[in-house]
Amino acid sequence: MSCKKYQKIYGVLVFAAMSLVSVSCSDDDDAGTQKATVKFSTSASSVNEGDGTIEVQISATQASSSDIEVSFEVSGSAYLNGDYTLETTSPVILKAGEQTATIVLNLLDESIIESTDDEIKISLTSIGANALLSETSGELERTVTISDNDVVNEGELQVDLTWDLGEGVDINGVNFDLYLATNVVIEDNTVTDADLYTASEGTSGFETLWITQDDEDTEYYIVVNYTEGNVDAEFTINLNGGDSYSDEGISDIFDADDVGRAIFYGPLTKSGYSISRRKGFQRVMSTVVLAK
């Protein structure tokens, strides 16, 4: 065979080999640029409010060579810093080389008696350019149902104060304080004098007080004081226990310019083993600034 033929065959082989290498490199490049898809590992779970710390896991279909930032939002009927605290802030980081990351919440075992279970809803909202969110909507939201574990003691009346600044909004945006007052003097529909009998011991979150069989036989007024804040704030007073009341609760609102003022509701009457309230509380505003 002539040298020219050998050169021709050699050239064809070299070209074919280069083509294979080119295809192989192209395939490798495509595999290397494939992005991980991120989602929740499970869609729902149930916990007891006394369970303490809970962990919600997100997962990726493959590990990435760089950190993945995953943004999330929290909503639901449970109250941030009232029913739970958020130990992991958004965005959560899915570290390079790893396929899972954890959002940590701490449940608050408060004393509030709740008629229904609370829910925390965590939604994955956006992700860094080096990964994708699942296209299945059910994989982007995780619901945690919190069962209440509180009951009122026999012979007591429990007074719970809760407030709502909007779904998923930290309730510590305002500070309300809860008191029981005696010897309340009302003139021209304004409280002019009162003795603070007891104050809720809560320093954060919601407030609770009790009237027990050991307390004085007298008339009590429930007092809600708008101690700190600068927003309109809706609040609810619920009563549980006792032996004679008909209303489920009291809903009211403080305006932003009511800071430093208190509202009195009453009276509640304790006589021996009986703790009762008249139908329809009297509502009276006070300009007196209260302090624990």
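**Quick look at the packing of aromatic side chains**
Geometry of an aromatic ring pair is reported as the spacing of the ring centres plus the angle between the planes.
Moving on, step 1. Enumeration according to the criterion identifies nine aromatic pairs in this entry.
Moving on, step 2. On the numbers, 5.3 Å between centres and 85° between planes, the contact of Tyr79 with Phe206 is edge-to-face. With Tyr79 in the loop between β4 (68-75) and β5 (84-86) and Phe206 in the loop between β13 (190-199) and β14 (207-211), this residue pair connects regions lying 127 residues apart in the sequence.
Moving on, step 3. Given the relative accessible area of 21%, Tyr79 is considered partly exposed.
Moving on, step 4. Residue Phe206 is classed as buried on the basis of its relative accessible area, which comes to 11%.
Moving on, step 5. Taking 5.3 Å as the distance between ring centres and 40° as the angle between the ring planes, the aromatic pair formed by Tyr226 and Phe254 counts as tilted. Of this pair, Tyr226 sits in strand β15 (residues 219-228) while Phe254 sits in strand β17 (residues 249-254), and the two are 28 residues apart along the sequence. The pair Tyr226 / Phe254 is uniform in exposure class, with both members buried.
Moving on, step 6. Here the aromatic residues Tyr79, Trp163, Phe176, Phe206, Tyr226, Phe235 and Phe254 are joined through ring pairs into a cluster of three or more.

**Considerations on the nonpolar core**
Moving on, step 1. By size, the foremost hydrophobic cluster in this structure holds 29 residues, and its most contacted members are Phe176, Ile222, Phe235, Ile237 and Tyr265.
Moving on, step 2. Those elements giving two or more residues to this core turn out to be β11 (157-164), β12 (175-187), β14, β15, β16 (233-241), β17, β18 (262-271) and β19 (274-286).
Moving on, step 3. In this view, Tyr265 contacts Tyr221, Ile222, Val224, Phe235, Ile237, Ile250, Asp252, Phe281, Gln282 and Arg283; residues no more than four positions away in its chain are not counted.
Moving on, step 4. With 28 residues, the next largest nonpolar core counts Ile58, Ala60, Leu94 and Ile120 among its residues.

**Considerations on unusual backbone geometry**
Moving on, step 1. With omega at 5°, the peptide bond leading from Ser90 into Pro91 counts as cis.
Moving on, step 2. Position of Pro91 among the secondary structure elements: in the loop between β5 and β6 (92-94).
Moving on, step 3. Residue Pro267 is reached from Gly266 by a cis peptide bond, and omega for that bond is 0°.
Moving on, step 4. Mapping Pro267 onto the fold places it in strand β18.
Moving on, step 5. The residue Asn81 is not glycine, and still its phi comes out positive at about 70°.
Moving on, step 6. By the element assignment, Asn81 lies in the loop between β4 and β5.
Moving on, step 7. Of note in the backbone geometry, Asn183 takes a positive phi value of approximately 50° without being a glycine.
Moving on, step 8. In this fold, Asn183 is placed in strand β12.

The rules behind each value
Residues numbered from 1 in each chain as written. Predicted model: local features only at pLDDT ≥ 70, side-chain atom pairs only at ≥ 80, totals over all residues. Heavy atoms only, no water. Phe/Tyr/Trp six-rings, centres within 6.5 Å; stacked < 30°, edge-to-face > 60°. Helix = DSSP H or I, 4+ residues; strand = E, 2+ residues; numbered from the N terminus. Buried < 20%, exposed > 50% of the residue type's maximum accessible area, 1.4 Å probe, protein only. Core = buried A, V, L, I, M, F, W, Y, C linked by side-chain atoms within 4.5 Å. Contact = heavy atoms within 4.5 Å.

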